[in-house]
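The chain contents come next:
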Amino acid sequence: VLNNGMKEISANEFETIVEDSGALILDTRNSGDFAKGFVPQAINIGINGDFAPWVGALIADVNQPIVLITELGKEEETVTRLSRVGFDNILGHLKGGFEAWKTAGKEIDTVKRITADQFAKDVKIVTDENATEKGDLVIDIRKESEYEGEHIEEAYSKPLSYINDWIKDVNPQEHFFLHCAGGYRSM
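This section reports on the structure supplied with the text. Predicted model only: the values in this text are computed from it and were never measured. (Residues numbered from 1 in each chain as written. Predicted model: local features only at pLDDT ≥ 70, side-chain atom pairs only at ≥ 80, totals over all residues. Heavy atoms only, no water.)

Observations concerning the packing of aromatic side chains
According to the stated counting rule, one finds three aromatic pairs in the structure shown. Between Phe 14 and Trp 101, the ring centres sit 5.8 Å apart and the planes meet at 70 degrees, which makes this aromatic pair edge-to-face. With a gap of 87 residues between them, Phe 14 in helix 2 (residues 11-21) and Trp 101 in helix 6 (residues 97-103) connect regions that are remote in the sequence. Side by side, Phe 14 and Trp 101 carry an identical accessibility label, which is buried. (Phe/Tyr/Trp six-rings, centres within 6.5 Å; stacked < 30°, edge-to-face > 60°. Helix = DSSP H or I, 4+ residues; strand = E, 2+ residues; numbered from the N terminus. Buried < 20%, exposed > 50% of the residue type's maximum accessible area, 1.4 Å probe, protein only.)

And the structure:
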């Protein structure tokens, strides 16, 4: 497992492997770096957070082929931690990390992170069911107990641990807000 996971993959080869194998792109960098730029279709589960529980909750199949994007020097730790929770089908990692992807001129995506104050200014909540204008979609991905304790008016409770059940209902072409308690889960 370690030998496969430690295989360095160039940006071009990385793209080919993902297309040919259907591999999941797992980016384990911190959420702040991920938000600034990531490989399209990658999922972010930061190695410095609750890594193992989130890997188990978000990646449904332990046999899923996985390719990694890590912080430089974190490749072996990531492969080891994945294998400890049963994820052994690791095909390798992006040589040079995300910077190599950018340097190769490959397409990137970003996430616009905003503060609570900016959110309060930007979000449009519509509570009148007869309104002609539609409000913003706000998805609260915290645990149900956190949502029950307090939540943004008109936000939908969609716990992150069930994302594989509800994500198909979100139109990626429409603007929406995701929020959690501290920023890790929303990535």
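Now, onward.
Comments concerning the sheet that holds strand 6 (residues 137-140)
Strand pairing in a sheet takes place through backbone hydrogen bonds and is either antiparallel or parallel in direction. Pairing is parallel in the open sheet, where three strands are placed in the order 7-6-8. The open sheet has two free edges, formed respectively by strand 7 (156-157) and strand 8 (176-179), since each of these has just one partner strand. Relative to strand 8, strand 6 runs parallel, the two sharing four bridges. If you follow Asp 140 over to strand 8, its bridge partner there is His 179. (Pairing = 2+ DSSP bridges.)

Observations regarding the nonpolar core
Judged by nonpolar contacts, the single largest core of 21 residues is most densely connected at Leu 26, Ile 45, Phe 51, Val 55, Ile 59, Leu 68 and Leu 82. Breaking this core down by element, the ones donating at least two residues are strand 2 (24-27), helix 4 (51-58), strand 4 (66-69) and helix 5 (75-84). Here this core takes four residues from helix 4, the largest share from any one element. Residues in contact with Phe 51, not counting those within four places in the same chain, are Leu 26, Thr 28, Ile 45, Gly 46, Thr 78, Arg 81, Leu 82 and Tyr 184. Judged by nonpolar contacts, the second largest core, of 18 residues, contains Val 18, Ile 25, Trp 101 and Met 187. (Core = buried A, V, L, I, M, F, W, Y, C linked by side-chain atoms within 4.5 Å. Contact = heavy atoms within 4.5 Å.)

Concerning unusual backbone geometry
One non-glycine residue with positive phi stands out, namely Gln 41, at about 80 degrees. On the secondary structure map, Gln 41 appears in the loop between helix 3 (31-36) and strand 3 (43-44).

Everything listed here is a matter of geometry and, on its own, says nothing about what the molecule does.
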